[in-house]
Amino acid sequence: TNRRLDVRATKFATGSETIVTTDGSQYRFAASNRRTGRSLTLNRVLLDELREHVTWDAWNAVTPTMKTVLDAQLVALSNAGGVEAIVLNEFRAEAMAGDNERLGLFEWSAPDDAEPDDVDALLHANPLGGYLVDMEELLADARAAMAAGGEKLVGFKIEQMCRAVPVLNPAVVGWTDCGTDEPIDLAPYRTRTALCVDIALDGSHACLVAAVELDGVVHLEVVKAWAGYGCGRVVAVELPALVRRVRPAVLGWLPLGPAAAVAAELGAQKGRRSDWPPRGVKLEELTTETAGVCMSFAGMVAAGEVSQPNDPLLDAQAATVQRKQQRDQWVFGRSASSGPIDGMYAAAGATWLVRRLPPPRAPLAIA
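Residues numbered from 1 in each chain as written. Predicted model: local features only at pLDDT ≥ 70, side-chain atom pairs only at ≥ 80, totals over all residues. Heavy atoms only, no water.

Caption draft 1: Structural view of the pattern of salt bridges. Scanning the model with the defined rule gives 9 salt bridges in all. Between Glu107 and Arg92 there is a salt bridge whose closest N-O contact spans 2.8 Å. Of the two residues, Glu107 sits in the loop between helix 2 (86-97) and helix 3 (119-125) while Arg92 sits in helix 2, which places them 15 residues apart along the sequence. What makes Glu107 partly exposed here is its relative accessible area of 33%. The exposure class of Arg92 is partly exposed, given its relative accessible area of 31%. (Salt bridge = Lys/Arg side-chain N within 4 Å of Asp/Glu carboxyl O. Helix = DSSP H or I, 4+ residues; strand = E, 2+ residues; numbered from the N terminus. Buried < 20%, exposed > 50% of the residue type's maximum accessible area, 1.4 Å probe, protein only.)

Structure representation (structure tokens):
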């Protein structure tokens, strides 16, 4: 039955918007943060755009306030999201598994493998298609998105097909096209090799990548990867021996990122050890070029000027790395919810360094 909502008072001051009914109920509006709903007793909670919850702060704040109400109910509304939509993705996965009888999922979305111009798939996500939604216009938008690709296609899949897309704003496009199952051996090109090391934002992973440029194509190889929280200390201990073994022309890192701790340790070793850095190896900090490193690398991948060995680590990170805008430039976005992308930073850094090596000396001619 419909219940009439008789309003007794309203308050729309910023930060304290409230509607009070004649029976004493209060409807309040709040921002999604760690203070949401605290100190209140809540019977009904409506969370809008759950895909924008990239942390558990709001959820952890509001749900304890419902524990003392036996018939309390929480309703979350949302379109699909990306990998950073951790709250939405976890509860959707739990609902699909069917193990929680108190969790309901009501979803209108196109099948995951459907093409954007598949009419039946579009109707799955747009039940008002042909009524309030003009299908010809929707199909025109689908074809335009398919032709444009990139962000426009991702946006169409999320907003019009209601499909979860891991990367909302992909930074590296064309990565799989650059893969090869028969990578070249980089060992003969040690004097033309660049190494770059990077560490994940949460310190759970680190990667050392080598790059060599041959005939205008940069060839990549993962020299070593470390896993486990606090692995940065292990990197600092093991890296000198790896560099001595490889004997590259240059070793670099991004000191303004999580690799700062390793950079400090390597700098300290330079003063304490006579064999560090090894003879002929230049140490280089990529201090101010982060945006250039990322944007240049993405452009080279898109142009097919990179060859990568289909390494599972790099493949997984390339599939999730997103752009983070910085005014008119962008970098690879690091966040706790999207997982490590240290391999992508190391690959981009090694590529940047190898393309800036001085040209090789001409062979000595004997008259």
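Still to come is the rest of the account.
Caption draft 2: Focus on the packing of helix 4 (residues 135-148) against helix 5 (residues 150-159). The contact between helix 4 and helix 5 brings their axes to 7 Å, and the two run at 145°. Both helix 4 and helix 5 take part in a crossing whose hand is left-handed. Side by side, helix 4 and helix 5 meet where Leu138, Asp141, Ala142, Ala144, Ala145, Met146 and Ala148 of the first sit next to Gly150, Lys152, Leu153 and Phe156 of the second. A breakdown of the residues in the contact of helix 4 with helix 5 according to their chemical character gives 8 nonpolar, 1 polar and 2 charged. (Axes fitted to C-alpha atoms, helices over the stretch in contact; angles between N-to-C directions. Left-handed = near helix turned anticlockwise from the far one by under 90°. Contact = heavy atoms within 4.5 Å. Nonpolar A, V, L, I, M, F, W, Y, C, P; charged D, E, K, R; others polar.)

Caption draft 3: Focus on helix 4. Between the first and last C-alpha of helix 4 there are 20 Å, a value that for 14 residues agrees with the 20 Å anticipated at 1.5 Å per step. Within helix 4, the full set of buried residues consists of Met135, Leu138, Leu139, Ala142 and Ala145. Angularly, the buried residues of helix 4 cover 120° about the axis, an arc narrow enough to put them on a single face. Facing away from the buried side of helix 4, by more than 90 degrees, are the exposed residues Glu136 and Ala147. Residues of helix 4 that are buried in the fold lie against helix 3 and helix 5. Two or three places before Glu136, at the start of helix 4, stands the capping residue Asp134, its side-chain oxygen 2.9 Å from that residue's backbone nitrogen. Following helix 4 by one or two positions, Gly149 adopts a phi angle in the positive range, close to 65°. (Expected span 1.5 Å × (residues − 1). Arc of directions from axis to C-beta. Polar contact = N/O pair within 3.5 Å; in protein donor to acceptor, adjacent residues only side chain to side chain.)

Taken by themselves, the reported measurements are silent on function.
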